[in-house]
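Residues per chain are reported as follows:
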Amino acid sequence: MTTIIGIVAFAVVALLGWAIAELKPKAFTYENSEEESAVLEQNRRQLAADGYAEQNIGDVIQNISTKGFSAV
């Protein structure tokens, strides 16, 4: 009997935690201030001027070793 109570209690706590995790972003939103937006834009422009380009997964696979290392 105590095992069933433990399982039910675990399920209730898990569902309560899941509900809190799902509802938290809807209740508390975050918006960048104008100062933060200006800094983000400045950083984006600086990265573009330095030649940075964001890679997709195909580019990443071509640039990294996906076959591992030789033990010899």
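Residues numbered from 1 in each chain as written. Predicted model: local features only at pLDDT ≥ 70, side-chain atom pairs only at ≥ 80, totals over all residues. Heavy atoms only, no water.

## A word on the overall build of the protein
For step 1, the next point in the chain: Within the protein one finds three helices and zero strands.
For step 2, the next point in the chain: Each helix and strand of the protein, ordered N terminal to C terminal, gives the series α-α-α.
For step 3, the next point in the chain: A buried classification covers 0% of the 72 residues belonging to the protein. (Helix = DSSP H or I, 4+ residues; strand = E, 2+ residues; numbered from the N terminus. Buried < 20%, exposed > 50% of the residue type's maximum accessible area, 1.4 Å probe, protein only.)

## Considerations on the confidence of the model for the protein
For step 1, the next point in the chain: On average, residues of the protein carry a pLDDT of 88, and 89% of them reach 70 or more.
For step 2, the next point in the chain: When the elements of the protein are averaged for pLDDT, helix α3 (residues 57–63) gives the smallest value, 82, and helix α1 (residues 2–27) the largest, 95. (pLDDT = per-residue confidence, 0-100.)

## Examining α1
For step 1, the next point in the chain: Counted at 1.5 Å a residue, the expected span for α1 with its 26 residues is 38 Å, and the 36 Å between its end C-alpha atoms agrees.
For step 2, the next point in the chain: Little of α1 sits inside the fold, with zero of its 26 residues counted as buried. (Expected span 1.5 Å × (residues − 1).)

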